[in-house]
Amino acid sequence: MSQSKDIKGKIIRGGVSMTLRQLLVAALSMVNVLVIARMLGPGLYGVVTIVLSIFYFLNQVCRFGLQVYLVRQPNLTDEEPIQIQAFYNFLGIVICAALFCIAPLIGWWTKEQEVTYALQAILPALWMDMVSRVPTSMLERELSFDKVGLLEAVSKVVLYVSAIPLVLIGWGYWGPIIGTVLGYLVQLIMAYYYYPVPWRWRWQWKVVKPAVNYGLTYSGSDAILNLRRLRLPLLVSRLGGTEVVGYISIAMRLAEQLAILRLVVRRMSISVMAKLVDKPEQTRNAISKGMTYQALLIGPICAAFSCTSAWLIPLMFSKEWLISAQIFPFIAVGVLVGAIFELHTSSLYAVGRNYEIAQRNAWYVGILWLATIIFLPWMGLWGYGLSEILALPTFYLLHTSIVRLFGSPNYWDSFWITLVSTICMFAGVFLPPIAAVGLLVVSYGAIFIYCPGIRKIPVDLWAARKKVA
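Here is what the cut-offs are and how they apply
Residues numbered from 1 in each chain as written. Predicted model: local features only at pLDDT ≥ 70, side-chain atom pairs only at ≥ 80, totals over all residues. Heavy atoms only, no water. UniProt positions renumbered as here; feature names shortened; annotations may be inferred. Salt bridge = Lys/Arg side-chain N within 4 Å of Asp/Glu carboxyl O. Helix = DSSP H or I, 4+ residues; strand = E, 2+ residues; numbered from the N terminus. Buried < 20%, exposed > 50% of the residue type's maximum accessible area, 1.4 Å probe, protein only. Axes fitted to C-alpha atoms, helices over the stretch in contact; angles between N-to-C directions. Parallel < 35°, antiparallel > 145°, perpendicular 65-115°, else oblique. Left-handed = near helix turned anticlockwise from the far one by under 90°. Contact = heavy atoms within 4.5 Å. Nonpolar A, V, L, I, M, F, W, Y, C, P; charged D, E, K, R; others polar. Core = buried A, V, L, I, M, F, W, Y, C linked by side-chain atoms within 4.5 Å.

Going by the annotation in an unreviewed UniProt entry, the name recorded for the protein is Oligosaccharide flippase family protein, with Calothrix parietina FACHB-288 given as the source organism. Quoted straight from UniProt, the Sequence similarities (unreviewed entry) entry for the protein says "Belongs to the polysaccharide synthase family."

Below you can see the structure in the form of structure tokens.
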């Protein structure tokens, strides 16, 4: 019982710590977006988006899932983290060298020569992220989420604090690129400070092989999902131009920042769900509550922003960015539904159902890409938004997998929050702001009155706060 309480205490303390730091990072990120987008305009901001979209795709894919192996492996030897670190170091150097040579081709495809230079300059950050994965994963293995949250928050602060002045003094799109490299350098230094891993240049295949075998299965499904990041640099830039990339990017960035707290649940979910998967009822209850929490953390704030976006976006960025308000509801609904199903994915990863996740991800990304190719040239930004909506039914495949393993979670509370949030988001596009805000207040008031499970959430959060204290 004492061990269970200790684990729960670590989760609560770590979760609160990560939440507070994520809120700080979100605030700084919004300031960063406001200044940089306003200074650069849609065209140059589109260049930044193309480069960072490619970078963050590579950032996720090039980890090859080995960081999850370090978190989940029950009998991890002392030598494995050291060997995986050496493997990451070697692989990072090889990948960065290859990408440096490929960058001119990407610049030609996107019709922007600046993409070539910026992409080559940001590659050191890719290597730094790979070699910092081992100490960061070991901290997560020990449920030291407070330290993980701190090092990631500080790295983001460095990114924003360095990028904004560079843009203001006229360095243009180089500001975010240089800031990103500096941020990952700080992350690397702090990761090895908190969890020193002996540095080696040589690695042994027999030690690394089990991690690679698992990691490739994991990263395969993850890589498929991350292909959605490449729609902007590879499809939208070619079919719509860099200005359209800029408009969509701002809408995506706003949705991601408003839904920043979902990252706390996502980050902790693999470590936590791995400890529950042998208890079907507890797993099912955790998924049910997690869905409702995610919906309530994301839905109302995105809906409130959408209802007032006709006022806020011109005030924050300028009138030339107002078109981003039209695409925001489509992207926000996709973020909301994706967050609701994140515990489904974490549970399936925890029991090794990677193939089922990969199959669902393939359907999801396939529909996104196909719908973008078909509807973007025909309908413009509305076509891109439609592709987000058309891909949502693929989440049903995650539901069927969970039902076979643990039984069906309770979707009702999260359903009502999602329905009301979606209606209010699109009301912000078609109704005057005052009418949309009125609908928002009435709708959320109704679900809090008629849904006891939703009313209970603030009580649960208050109880968790008292336990932390």
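Once you've had a look at it, read on.
For the coordinates displayed, the defined rule picks out six salt bridges. The salt bridge involving Asp129 is made with Arg63; its shortest N-O contact spans 3.0 Å. Taken together, the residues span a long stretch of sequence, with Asp129 in helix α4 (residues 113-141) and Arg63 in the loop between α1 (2-61) and α2 (66-72) at a distance of 66 residues. Residue classification places Asp129 among the buried residues on the basis of a relative accessible area of 0%. According to the relative accessible area criterion, Arg63 is buried, its value standing at 11%. A salt bridge links Glu356 to Arg353; the nearest nitrogen and oxygen atoms lie 2.8 Å apart. Among the charged side chains, a network of salt bridges with common partners joins Arg63, Asp129 and Arg133.

This part takes up the packing of helix α9 (residues 242-258) against helix α12 (residues 324-340). Axis separation between α9 and α12 bottoms out at 8 Å; the angle between their running directions is 45°. If you check the angle between α9 and α12, you find them oblique. Seen from above, α9 lies across α12 with right-handed handedness. Where α9 approaches α12, its residues Tyr247, Ile248, Ile250, Ala251, Met252, Leu254, Ala255 and Leu258 are matched on the opposing element by Ser324, Ile327, Phe328, Ile331, Ala332 and Val335. Taken together, the residues of the contact of α9 with α12 break down into 13 nonpolar, one polar and no charged.

To continue, consider the nonpolar core. Counting residues in each nonpolar core, the largest one holds 129 residues, and the members touching the most others are Phe317 and Phe328. With 16 residues, the top contributor of residues to this core is α1. Here Phe317 is in contact with Val33, Leu34, Ala37, Arg38, Ile250 and Leu254, once residues within four sequence places are set aside.

This part covers the UniProt feature "transmembrane region" (unreviewed entry) in the protein. The feature "transmembrane region" (unreviewed entry), as given by UniProt, occupies residues 20-37, 43-66, 87-109, 295-317, 323-341, 362-383 and 437-457 in the numbering adopted here. Along residues 323-341 one finds 89% helix and 0% strand; the C-alpha atoms at either end are 29 Å apart.

This part is about the side chain of Ser132. By the element assignment, Ser132 lies in helix α4. What makes Ser132 buried here is its relative accessible area of 0%. With sequence-adjacent residues up to four places away left out, Ser132 is seen in contact with Gln187, Leu188, Ala191 and Tyr192.

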